[in-house]
Structure formats: structure tokens, C-alpha cells
Amino acid sequence: MAEPREERRVELDRSQFCCPICLDLLKEPVAIHCGHNYCHSCIEGCWDHGEAEEEEKKKKKGQYSCPQCRETFHPRPVLRRNNTLAEVVEKLKKTSAQQLSPPAAVPCAGPADVACDFCCGTGPNKATMSCLTCLASYCPAHLEPHSSVPVLKKHQLVSATVPLQQKMCTKHNKLLEVYCRTDKKFICYLCVIDEHKSHCTVSAAAERDEEQEQLIVSQKKIQEREKERKEELNELVQALKDFQSCSRAAVQTGDKIFDEMISSIKRKHTLAKQLIKAREKMAVAQAEELQLQLEEEIAKLRRRHTELEQLIRTNDHIHFIQTFQSLSTSCESPDLPPDLVVRPERWFKTVTDLVSKLRDDIERLMNDTWRTVSATVSTIDVVLPPVPKTREQFLRYCCPLTLNENSANNYLSISQESRRVTREDLALYCSAHSERFTNAMQVLCTEGLTERCYWEVSWSGSNLSVAVSYKDISRSYSRESEFGNNDKSWSFECFQFGYSFQHNRNSVTLLGPQSSRIGVYLDHKAGILSFYSVSDKMTLLHKVHATFSQPLYPGLKLIYGNSWAELIKLW
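Residues numbered from 1 in each chain as written. Predicted model: local features only at pLDDT ≥ 70, side-chain atom pairs only at ≥ 80, totals over all residues. Heavy atoms only, no water.

(A) Quick look at helix 9 (residues 204-313). Helix length check: helix 9, at 110 residues, gives a terminal C-alpha distance of 156 Å against a target of 164 Å (1.5 Å per residue), a fit within 8%. Those residues of helix 9 not exposed but buried are E207, G254, L290, E297, R304 and L311. On its buried face, helix 9 sits against strand 8 (178-180), strand 10 (201-203) and helix 10 (317-327). (Helix = DSSP H or I, 4+ residues; strand = E, 2+ residues; numbered from the N terminus. Expected span 1.5 Å × (residues − 1). Buried < 20%, exposed > 50% of the residue type's maximum accessible area, 1.4 Å probe, protein only. Contact = heavy atoms within 4.5 Å.)

(B) Region of interest: the sheet that holds strand 5 (residues 129-131). One open sheet accounts for 3 strands, arranged 6-5-7; its pairing is antiparallel. Each of the sheet's edge strands pairs with one partner strand only, and the pair in question is strand 6 (136-138) and strand 7 (157-159). Each adjacent strand pair in this sheet contributes to an overall mean axis angle of 35°, direction not counted. Relative to strand 7, strand 5 runs antiparallel, the two sharing 3 bridges. Looking at the pairing, S130 lines up with V158 of strand 7. (Pairing = 2+ DSSP bridges. Axes fitted to C-alpha atoms, helices over the stretch in contact; angles between N-to-C directions.)

(C) Layout of the sheet that holds strand 8. In spatial order, the strands read 9-8-10; together these 3 strands make up an open sheet with antiparallel pairing. The strands lining the two open edges of the sheet, one partner per strand, are strand 9 (185-187) and strand 10. Each strand of the sheet is rotated relative to its neighbour by a mean of 35°, with strand direction disregarded. Of the strand pairs in this sheet, strand 8 and strand 9 are connected by 3 bridges, and their pairing is antiparallel. Within strand 9, the residue paired with Y179 across the bridge is F186. The sheet strands contacting helix 9 are strand 8, strand 9 and strand 10, and the helix crosses strand 10 at an angle near 90°.

(D) Here's a closer look at the packing of aromatic side chains. Counted by the stated rule, this structure contains 12 aromatic pairs. On the numbers, 6.0 Å between centres and 80° between planes, the contact of F437 with F483 is edge-to-face. Pair noted here: F437 is in the loop between strand 12 (420-423) and strand 13 (442-444) and F483 is in the loop between strand 15 (463-469) and strand 16 (489-495), with a separation of 46 residues, a long-range link. Within the aromatic cluster, the residues linked to one another by ring pairs are F394, Y397, Y454, Y521 and Y532. The lysine or arginine in question, R420, covers the ring of W564, its NZ or CZ lying 3.8 Å from the ring centre. Across from the ring centre of F437, 4.8 Å away, lies the NZ or CZ of R475, which sits over that ring. (Phe/Tyr/Trp six-rings, centres within 6.5 Å; stacked < 30°, edge-to-face > 60°. Lys NZ or Arg CZ within 6 Å of the ring centre and 35° of its normal.)

(E) Fine view of the side chain of R423. Looking at the element boundaries, R423 is found in strand 12. No salt bridge is formed by the buried R423; the nearest opposite charge belongs to D425, separated by 5.0 Å. If we ignore the near neighbours within four places in the chain, the residues touching R423 are Y411, L412, M441, L558, I559, Y560, G561, N562 and S563. (Lys, Arg positive; Asp, Glu negative; His and termini not counted. Salt bridge = Lys/Arg side-chain N within 4 Å of Asp/Glu carboxyl O.)

(F) Spotlight on the pairing of strand 15. Judged by how many residues are buried, strand 15 sits mostly within the fold: 7 of 7 residues are covered. Burial of strand 15 is two-sided: the residues N463, S465, A467 and S469 facing one way and the residues L464, V466 and V468 facing the other way are all buried. Where strand 15 and strand 16 come together, 7 bridges link them in antiparallel fashion. Residue pairing across strands places V466 opposite F492, the latter belonging to strand 16. By the bridge criterion, 5 bridges tie strand 15 to strand 22 (residues 553-557) in an arrangement that is antiparallel. Counterpart to V466 in the pairing with strand 22 is L556.

And the structure:
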């Protein structure tokens, strides 16, 4: 029982007689004035070679400090061997059954690493932490006192990412703890009262806090952008799946339709052959029947000819007269047609001509249809250019527009440059035209749009309708001709206190900032129609997703008097 207690006591003693620098049992132990013990070579090497810049400055002044408690001495202490302590250490070495296990292996510092300031020898270990109070960097082994010594626990530790020299002021050899916002650089506290005394300066921590707030905002924006990108990625993946699915369905449907057309042509081909063959069979039967009748009649005529030859040679006059009367009657068949043979070449040529015309008509129809099919397929996209977000980006798609005077209602006057429309109190004299709106106070533009386009409308008055419409919208006296009251037009209406959108008689009330300028963005292929309030910034008022099957013509509608609207010249 006594021996285990002895071992535990020895182990406790071993830990108390280790050098704080090399962490091994003391070799030639010496004690300095503060009472801490070190190996003679370790403390000498520390004072000679291992001091940080601040210690170097102190050494020049004749000051030396304890690596543990940082107590300073002047002049440099004379080191004498502590014989009693040396005897105790030797006794520990002899009585201990097991040598103290070496500290955990620490990698040596590489060219890009920060070296430990307390490692002796030619290969210092890699430092993991730097102390901003000691102004030194430590490997894990030499950092241990900072977690065990109460005085050192209060020191400020940071990760050893860069050498401490890079964090020191080159002029004053002080730690860079202040940030100069005027010069946008780090300085020490002596620089604040020197060349930076009139500058805007804050502590590095305060600048970090402010920039960290900006970083958090940027991080949130990045997260939001990442979320948007993920949504776009999901939409892209889904669009690609839909594209592939629709492509396969179109191919299958096309195969089915072409197979049906080929089968139909084959059926007509077979029917034509059957019709010709049936007609040929019928003609052969008729010809064979007629042939038999003709052969029978020829045989009759030959017998009659023979009988007449014999009669003409008789000498008996009485017999001649009696026999001639019976042979003078006709032996021809009365039901035989007068023209027995008809040449069929021209009739069959007519048939082949008709088939040839059918082939040409089908070929022409297929070519015309194929051009439309090819053009339609070439416009199908799975990835479209990004939707504009700023006015500068929208202006890239601006297009010249002019109002079609022939479509304007009689109560609307069009300016000379065909960009401004004004609502008049009295009807104007206008010639009749098939494109003129006779009931609705509206006008269409001359240009039909099929690509990405952007335009702006400035207006004044109590009501305005900014619309797009197919060209074949009704022009009659019925209300169906008004923008938004049919399936051929999309109308965004502006009032003094709000907005509304109408399509196919379905209306939606909208809210948004009042604006005297409305921006319209159209992506015909993507089926996007958007309306914006244009001021210092663009504000989306309403967005429509639809399938546009024809070119769209911009339009304007003014209901009440003293109102006008103008297409802004952006091009």
C-alpha cells in the first residue's frame, strides 16, 4: 500500500520540477529573482534569442523579464546553479521507474507557418496561438502556462495566422490596435496622437463590429441570392424535365400523326389500285361477253354467207325465190352497240394526272406547314436571358413605336409625330377605315411585337389604359372591342388612386405608388407581360404569365376629356 502512494507522490513531484520552457525535467536548474526555476540553457537562450520585439526593445534598455510572470529585472540577473533543486531532480530521475513521457508531437513550422517564439533549436514548432499581451507566438506545448498560470490567463490570445510582426507598427513598434478611417489603415495608439491626430480613428474592435454588421448584411444578401439561385436551379431542372417530356410527347404525337397520314395515303393508294383493278375486271367481263356475242354473230354470218353462196349457184328458180325470202332477213344481234371499241388511254391519263396533282398539292401543303413547324420549334427555349432588373437593363430592349392613326377613335387626336394621343370633347372628322375603333376610345400602335420589348407611357388625366392586343381584336360598337373585355387583349388601367388589370372580362384591383409614367416590359416567347411604375426607381405593379399566339400591338385608351398619353421616345 505504501508503494502506490510513493509513486503518486513522485509523479506529482515530477510535474512540479519541469522547466516551463522545454517542459522536461530541469537540467542544471537555476532560479531567478521572482522565484521561478528554469534550465540554465533554456533561460539563457530565451533571453538571448527568443524574445519578441517588445522584449528586444526592453533588452536594449537593459530590462529582462520572466517568461512566466513577466516580472522585469535590471540589470540582467546573474544565474547560479540551484544545487538543492538539482539534487532533488537527480533523485527523481533515479527513483522514478518510468521516464516522463515526451509531449505530443507538434509539427515543425514551415515557410508559410508562424514559428513558436519559445522553441529552442534550429527547427521551431508551428505556433497555434499568438498572445497580444506578451507579443509572442506559442506552440501548444509552450502555450500551456497561459491556461494554468492565473496571471497569464488574462492575456488576449488570437489564432496564429500571420506573424506578429505584421501586426506591429513599423514606426513605434507597438501593436496595431487602432483603425484610421481617413487613411483606411491600421495604426498604433501612438500614431493617433502623432500624424493621425486629426483623422477619424476608432478601435480595431469597433471597426470590426461595424464591418461585421455590413458582413452580416452581405451574408444575408448572399443567402437570399443563394436561395434565388436555388429556386432558379429548381425551375431550370423542372423546365428541362418539362422540355424533355414535351419533346418526347411531341415526337410521339408527330410519329402518330405521320403514321396516320402514311396509313391514309397507303389506304388511298390501295383503294385506287382496287378501283382500277375492279374497273379492269368489269371491263374484261363486258369485253368477254361482247366477244362471245361477236363470235356467235360472226359464225351466223359465215353460215348465211355459205347458204347464200349455195343458193346463188342453184338452177331451180322456184327454189331460189322461196329460199331467198327466208335468207333475206338479218341475222345480226340487235342489242350490240354501234361503237364497240373505246380507247381507254385518255381516261387513265386523266386518273394519273389527278393523282399527280394530289401528290403536288400534298407536297406543297407539307412544305408550307413544315416551314411553320420549323420556325415554331426553333423559337422554343429552355433557358432564356435573365429578366432585366434596372431601368438601364430594360432600356436595352426599347423599341420605336408609333400610333396607328387609322385605328384611333373619332374622339382621339394623334400628334404629328404619331406618339401622343389626346381625348377630345367633340368628335373629329375621320375617314372610315376597317381598323378604326368605332365604340372604344382607344388606339393601337402600328408595330406588332414578337420579341423582348420595353416601352414607357407618360400620361395626364383621370384614367388611362395601357394595353397590348392582337390585331384581329373586334372594332365594332360592342363593348367586346374594349381592351381587356375579350381574350385578345390585356389591359392595365391607371386611376388617380390605384390600378387594375383586366383580361377576358376578369378584373383585378392592384395597389402601388402613383406614377405619371408607366413602363411596360414584354417577353413574347416567355409569355411575360409586366407593368412598372417609373420614377427614381422601377417598381413592379403587376406581372402576367400567358401564352401569346400572335404578334402583340401596344395600345392606349382614354375615356374622359382633358386626358392625354404619350409614348416616350427611348430609342
